[in-house]
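Residue-level structural notes
In case you want the letters, here they are:
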Amino acid sequence: MKTIIEPFKIKSVEPIRFTTKEERKNILETAGYNPFLINAEDVLIDLLTDSGTSAMSSGQWAGIMRGDESYAGARSFYAFESAVRNITGDKFIIPTHQGRAAEKIIFSTLGGPGKYFVSNTFFDTTRANIEFSGSEGVDLLVEEGKHPEQRAPFKGNMDVAALDSFIRKTGKENIPFVMITITNNSGGGQPVSMQNIREVKEVCKKYGLPLFLDACRFAENAYFIKQREKGFENKSIIEICREMFSYADGSTMSAKKDALVNIGGWLSLNDEELAMKCRNLLIVTEGFPTYGGLAGRDLEAIALGLEEIVDEHYLQYRIRSVEYLGEKILAAGVPIIEPPGGHAIYIDAKRFLPHISADQYPGQSIVCELYVEGGVRAVEIGSVMFGKYDKNGKLIPSVMELVRLAIPRRVYTQSHIDYVAEVVIEAYKNRNYMKGYEITYEAPMLRHFTAKFKPI
Ligand SMILES: *Cc1c(COP(=O)(O)O)cnc(C)c1O
């Protein structure tokens, strides 16, 4: 077997700016020890997110020039609609400016006080939109998904028995739909098996509940199914994608992930009456139904990105380059969620910093160290992001304390990734000197974006 190489060559480059360790210490302090508040120019390798950070292909840039900017019925809309339908098979394709706009529309249409939505794990914006509507989001992840060090092929699966008993207990009339997030971003980018999607569908059918996909990383999920699930070895990625979507009644999507573009999303539906309601809300909040908050050129780029994302050479390189980083730091003893996920490596901050308790945010401590050590920007996915307070103002910590190193698509080369591994390993060697953090400012919702901290 030969080295798996980047399946592209580079035609346009963007310089990155080097800073000294002293400069980075000052920058971090000014940013209130929150990497979200650091200027991107002051970051050397940016692994904050894989969202909207993809490099587009020369074909997509050519599509940008061809984009039809007509207000209504633009040719680019029909290219977009047909590309989305080619994968989802859904009847009604509603463009939105990003994933959360699709979430806002569907949850404000079907949510409201007293309602429950159920998922393997809801992503943070999805949960926020559910709660903003007055409903509650319930995560029913399989047990192995909650143990970072336990290897299993499909740690993103939903607990099917728990789903059945939750529906019985709660009453199907209080549950507008069930949602599966593929891959499970908040749970480590872990995939969901086709078998699990089928079983969840069976339970939904039994109670007459619709099933939705949060489809942000559908292609990465399909590649894992091809690699790991019996019976799919010889299927094409597009066939696997179509089967996954065939069990769903609709999907929300952030095209900033597996559509290889910098902005965009969709809400796809099969129910005509629901689609009408959602389109009416779209017109108020996003725009006319044939552009939905996007320019024609964006729709064109999404249509092309959806063709490129299901290419098996791309997916092999993609999944392997993430796994490569995981293997390197794991070999040096750094605790991560195993096996590596599709779009990111998740460092297990609880095991990395056992001397820092959840209320002193061990994940935040690692994120700060990675920036100072090497100018690498990562994100905490733990009690800063998901922590809540009880009636006495005491922190209810997140189940896991993680640090995510998200890999932008087609952006960094193998030597960039080698450098990142060196920085992580250096931070791990410094772990006994690392300190906890306290929050000095926080917003009432999605606090991780704007919170400020102080070292303890
Ligand atoms: C990114 C993401 C979203 C939200 O999409 P945005 O485009 O950032 O609004 C929803 N769900 C999952 C799983 C995501 O990764």
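Residues numbered from 1 in each chain as written. Predicted model: local features only at pLDDT ≥ 70, side-chain atom pairs only at ≥ 80, totals over all residues. Heavy atoms only, no water.

What follows concerns the site of the ligand. In the vicinity of the ligand there are 15 residues, among which Arg100, Asp214, Arg217, Ser254 and Lys257 approach most closely. Within the side chain of Gln98, an N or O atom sits 2.8 Å from an oxygen atom of the ligand. The contact in question runs from an oxygen atom of the ligand to an N or O atom on the backbone of Gly99, over 2.9 Å. For the ligand, the accessible surface in isolation is 380 Å², of which the surrounding protein chains cover 97%. Mapped onto the shell around the ligand, the elements with two or more residues apiece are helix H4 (99–110) and helix H5 (124–132). Top element by residues in the shell around the ligand is H4. It accounts for 3 residues. Looking at the shell around the ligand residue by residue, the classes come out as 2 nonpolar, 7 polar and 6 charged. (Near = heavy atom within 4 Å. Polar contact = N/O pair within 3.5 Å; in protein donor to acceptor, adjacent residues only side chain to side chain. Areas by Shrake-Rupley, 256 points an atom, 1.4 Å probe, with all protein chains shown as cover. Helix = DSSP H or I, 4+ residues; strand = E, 2+ residues; numbered from the N terminus. Nonpolar A, V, L, I, M, F, W, Y, C, P; charged D, E, K, R; others polar.)

Here we come to the layout of surface pockets. Which parts of space are left empty comes out when a probe the size of a water molecule is rolled across the atoms. Estimates place the volume of the largest pocket at around 1300 Å³. Together, 36 residues line the largest pocket, and Ser12, Glu14, Ala55, Arg410 and Val411 are the ones closest to its centre. Of the residues that constitute the lining of the largest pocket, the class distribution is 17 nonpolar, 10 polar and 9 charged. Formed jointly, the lining of the largest pocket draws a minimum of three residues from each of two domains, domain 1 (21–50 + 311–455) and domain 2 (59–308). Volume-wise, the second largest pocket comes out at about 840 Å³. Around the second largest pocket sit 34 residues that line it, and Arg127, Met385, Phe386, Gly387 and Lys388 are the ones nearest its centre. (1 Å grid on protein atoms, 1.4 Å probe; cavity = no way out; pocket = protein on both sides within 12 Å on 5 of 7 lines; lining within 4 Å. Points joined across faces, edges and corners; volume = space filled by probe spheres on them. Domains from an automatic or database assignment.)

Moving on, we come to the domain arrangement of the protein. For the protein, the assigned domains are domain 1 (21–50 + 311–455) and domain 2 (59–308). Its C-alpha centre places domain 1 at a distance of 26 Å from the equivalent point of domain 2. Every contact between the two is made by 32 residues of domain 1 and, on the other side, 34 residues of domain 2. Taken over both partners, the interface formed by domain 1 and domain 2 buries close to 2900 Å², and the fraction arising from carbon and sulfur atoms is 58%. Put simply, domain 1 and domain 2 have 8 salt bridges between them. A salt bridge links Arg217 to Asp50; the nearest nitrogen and oxygen atoms lie 2.9 Å apart. Remark: the boundary between domain 1 and domain 2 carries 19 residue pairs in polar contact (both at pLDDT 80 or more). Contributing elements (two or more residues each) for the side of domain 1 that touches domain 2: helix H12 (312–331), strand S9 (344–348), helix H15 (383–386) and strand S14 (402–406). (Contact = heavy atoms within 4.5 Å. Buried area = accessible area lost by both parts, 1.4 Å probe. Salt bridge = Lys/Arg side-chain N within 4 Å of Asp/Glu carboxyl O.)

On to the packing of aromatic side chains, then. Under the criterion given, the structure shown has 17 aromatic pairs. Note on Phe36 and Phe449: the rings are 5.0 Å apart at their centroids and 80° apart in plane angle, and the pair reads as edge-to-face. Linking Phe36 in the loop between helix H1 (21–30) and strand S1 (45–46) with Phe449 in the loop between strand S15 (437–441) and strand S16 (452–455), this pair joins segments that are 413 residues apart in sequence. Under the relative-accessibility criterion, Phe449 is labelled partly exposed at 29%. Centre to centre, the rings of Phe177 and Phe212 are 4.2 Å apart; their planes meet at 25°, and the pair counts as stacked. On the criterion of sequence distance, the pair formed by Phe177 in the loop between helix H6 (160–170) and strand S5 (178–181) and Phe212 in strand S6 (residues 211–214) is long-range, its members being 35 residues apart. Of the two residues examined, Phe177 and Phe212, each falls in the buried class. (Phe/Tyr/Trp six-rings, centres within 6.5 Å; stacked < 30°, edge-to-face > 60°. Buried < 20%, exposed > 50% of the residue type's maximum accessible area, 1.4 Å probe, protein only.)

We now examine unusual backbone geometry. Excluding glycine, a negative phi dihedral is what most residues carry, and trans is how most peptide bonds are arranged. In the segment running from Ile182 into Thr183, the intervening peptide bond is cis, with an omega of -20°. Relative to the assigned elements, Thr183 resides in the loop between S5 and helix H7 (194–207). With an omega of -10°, the peptide bond running from Glu338 to Pro339 counts as cis. Inspection of the secondary structure puts Pro339 in the loop between H12 and S9.

An order of S9-S14-S11 is seen for the 3 strands of this open sheet, with the pairing classed as antiparallel. Edge strands, defined here as strands with exactly one partner in the open sheet, are S9 and strand S11 (379–381). Averaged over all adjacent pairs, the angle separating strand axes in this sheet is 35°, with direction ignored. As judged from the 3 bridges shared by S11 and S14, these two strands associate in the antiparallel manner. The residue bridging Ile381 from the neighbouring strand is Leu402, located in S14. Its contacts with the sheet put H12 on S9 and S14, and the angle it makes with S9 is roughly 25°. Across the sheet, helix H14 (residues 362–374) lies against S9, S11 and S14, angled at about 40° from S14, the strand it touches most. (Pairing = 2+ DSSP bridges. Axes fitted to C-alpha atoms, helices over the stretch in contact; angles between N-to-C directions.)

What follows covers the sheet that holds strand S3 (residues 116–119). Pairing between sheet strands relies on hydrogen bonds along the backbone, with the strands arranged either parallel or antiparallel. Judged by pairing direction, the sheet is mixed, and its 7 strands sit side by side in the order S2-S8-S7-S6-S5-S3-S4 without closing on themselves. Looking at the sheet topology across the chains shown, the edges are occupied by strand S2 (92–96) and strand S4 (136–139). On average, adjacent strands in this sheet sit at an angle of 20° to one another, irrespective of strand direction. Sheet topology note: the S5/S6 ladder contains 4 bridges and is parallel. Looking at S6, one finds that Val178 is bridged to Leu211.

Moving on to the packing of helix H2 (residues 58–66) against helix H11 (residues 296–309). Packing of H2 against H11 brings their axes to within 8 Å, and their N-to-C directions diverge by 150°. Classified by the interaxial angle, the pair formed by H2 and H11 is roughly antiparallel. Every pair of crossing elements has a handedness; the one defined by H2 and H11 is right-handed. Residues Gly59, Gln60, Gly63, Ile64 and Arg66 of H2 form the contact with H11, whose own contacting residues are Arg297, Glu300, Ala301, Leu304, Gly305 and Glu308. Here the contact of H2 with H11 is built from residues that sort into 3 nonpolar, 4 polar and 4 charged. (Parallel < 35°, antiparallel > 145°, perpendicular 65-115°, else oblique. Left-handed = near helix turned anticlockwise from the far one by under 90°.)

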